Amino acid sequence: MTADDTFDLAVVGAGIVGLGHAAAAHASGLRVVVVDRASEIVGASVRNFGHACLTAQSGQAREYAERSRELWLRYAGRAGFWARESGTLVVARAADELAVLEQWAGGEPGVTLLGAEQLADRVPVAGTVGGAFLPRDLQVDPREAAPALARHLAAEGVEFRWRTAALGVTDGVLHTARGPIRAESIVVAVGHDVDHLFPDVAEKAGVVRCGLDMLLVEPGALRAPLAAPVLTGWSLLRYSGFSATPAATALRERLSAEHPDLYELDLNQMYTQRPDGTLVVGDTHYRGLAVAPFQPESSFAALAQVTRELFGLRELPVRERWQGVYASAPEPFLIAEPAEGVRIVSVTTGIGMTTGLGLGETVVTDLLK
Ligand SMILES: Cc1cc2nc3c(=O)[nH]c(=O)nc-3n(C[C@H](O)[C@H](O)[C@H](O)COP(=O)(O)OP(=O)(O)OC[C@H]3O[C@@H](n4cnc5c(N)ncnc54)[C@H](O)[C@@H]3O)c2cc1C
């Protein structure tokens, strides 16, 4: 090992979670290397909605999300990528959806409940009973934000070693397919693939894979552009702030009884529009130690159907379909310390874009103590 292979911090994984650690360590003046087995960022961090949905989080997730908000805006300015303080619009199409929003909004300063007409002025949907506007949420372009942050960190002196698989960690040494790297601290941020490197840790935490089906729709499909990410009643069952309200129980019962097929798909019907006008449509969820790569056409048909209904469209010109995969476990975050100076960090629910930067900063601060 030469001095070129010796760092203060080695990070495995160049997704948003790994980048969050690398950015925080670099900001603290550390010499940082990031290794990733892929040739570019191709994981969950570019396959998502780009929605920093902080207001709907609670507990630790909310704390990481609040910090991430500041970091997203800071790095968007420095690295020159698109991030908008769009807020989020939640569309309610039934009284029980509005009831969840009403119960939740009471504890959330700044959130505005909207009547049906006010909502219709902001988002091109019909048949709603009202909704809510969450002004502090952010939106980034999922295909651009993490790669732009990586380029920015590389230009600032963080070393990136692509096409370099990590094989394991022993005594301050990260073993890779291109040889060992010595580092004072090592962070393993490989998302759902944590079970490949640390199977016991992953099993103990109950980490499995969650696969998601997604669509990208051509620009101009909607009557008007989306001023903000759009959530629906299905999202009210998912994010911890909403789902903790007493009214969420009745909503779950109604949606599962009225739409057993969509409930079976574990639908989170939501939308973001990218700067080029394309519409990101999602998503379904299926979990297992492995997720089948074979995506049933019925999932995409269901996504298309609910989208046409919500926006009152005859046609939905689909440009792309893809599968996303992220780590899933009973707890939302896995942070383990298998040895001194080593941390295994995974976001184990679908909120890494919302929380990853703040999480990385928190873990690095702890490592530096
Ligand atoms: C369809 C979809 C929609 C989503 N929407 C949102 C959203 O709107 N808002 C939100 O907050 N979150 C969202 N998420 C969740 C979010 O995208 C993830 O939580 C987040 O991207 C996880 O980041 P990561 O860095 O842990 O994982 P990844 O981005 O998957 O990165 C892990 C990296 O580790 C590398 N790696 C793995 N094993 C090794 C190894 N042995 N050696 C070297 N490198 C290795 C991989 O190549 C990969 O680059 C969504 C996820 C999906 C899939």
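Criteria and thresholds
- Residues numbered from 1 in each chain as written.
- Predicted model: local features only at pLDDT ≥ 70, side-chain atom pairs only at ≥ 80, totals over all residues.
- Heavy atoms only, no water.
- 1 Å grid on protein atoms, 1.4 Å probe; cavity = no way out; pocket = protein on both sides within 12 Å on 5 of 7 lines; lining within 4 Å.
- Points joined across faces, edges and corners; volume = space filled by probe spheres on them.
- Helix = DSSP H or I, 4+ residues; strand = E, 2+ residues; numbered from the N terminus.
- Pairing = 2+ DSSP bridges.
- Near = heavy atom within 4 Å.
- Polar contact = N/O pair within 3.5 Å; in protein donor to acceptor, adjacent residues only side chain to side chain.
- Nonpolar A, V, L, I, M, F, W, Y, C, P; charged D, E, K, R; others polar.
- Domains from an automatic or database assignment.

### Points about the layout of surface pockets
Where empty space is left can be seen by rolling a probe of water-molecule size over the atoms.
Stage number 1. One number sums up the size of the second largest pocket: a volume of about 210 Å³.
Stage number 2. When residues of the lining of the second largest pocket are traced back to their parent elements, those giving at least two are helix 10 (247–258), helix 11 (260–264) and helix 12 (297–311).
Stage number 3. Sorting elements by how many residues they give to the lining of the second largest pocket places helix 12 first, with four residues.

### Looking at the sheet that holds strand 4 (residues 83–84)
Stage number 1. Read from one edge to the other, the open sheet built from three strands follows the order 3-8-4, with strand pairing classed as antiparallel. Strand pairing shows two members of the sheet lacking a second neighbour, strand 3 (51–52) and strand 4, which therefore form its edges.
Stage number 2. With two bridges joining them, strand 3 and strand 8 (residues 138–140) adopt antiparallel strand pairing. Looking at strand 8, one finds that Ala52 is bridged to Leu138.

### Section: the site of the ligand
Stage number 1. Taken together, 35 residues sit near the ligand, with Asp36, Ser45, His51, Ala166 and Thr354 positioned nearest.
Stage number 2. Ile16 places a polar main-chain atom, nitrogen or oxygen, 3.2 Å from an oxygen atom of the ligand.
Stage number 3. Contact distances for the ligand include 2.7 Å between a nitrogen atom and a backbone N or O atom of His51.
Stage number 4. If you list the elements that add at least two residues to the shell around the ligand, you get helix 1 (16–27), helix 2 (44–47), strand 13 (208–217), strand 18 (318–328) and helix 13 (352–368).
Stage number 5. Among the residues making up the shell around the ligand, the classes are represented as 17 nonpolar, 14 polar and four charged.
Stage number 6. Each of domain 1 (3–68 + 143–206 + 330–368) and domain 2 (208–327) accounts for three or more of the residues forming the shell around the ligand.

### Some remarks on the pairing of strand 11 (residues 173–176)
Stage number 1. Looking at chain direction, strand 10 (residues 166–170) and strand 11 are connected through four bridges and run antiparallel. Considered in strand 11, the bridge of Val169 is made with Leu174.
Stage number 2. Counting the residues that bridge the hairpin from strand 10 to strand 11 gives two residues, and of these Asp171 lies at a positive phi of roughly 40°.
Stage number 3. Pairing of strand 11 with strand 12 (residues 179–188) involves four bridges; the strand directions are antiparallel. Looking at the pairing, His175 lines up with Pro180 of strand 12.
Stage number 4. If you look at the hairpin formed by strand 11 and strand 12, you'll find two residues sitting between the two strands.

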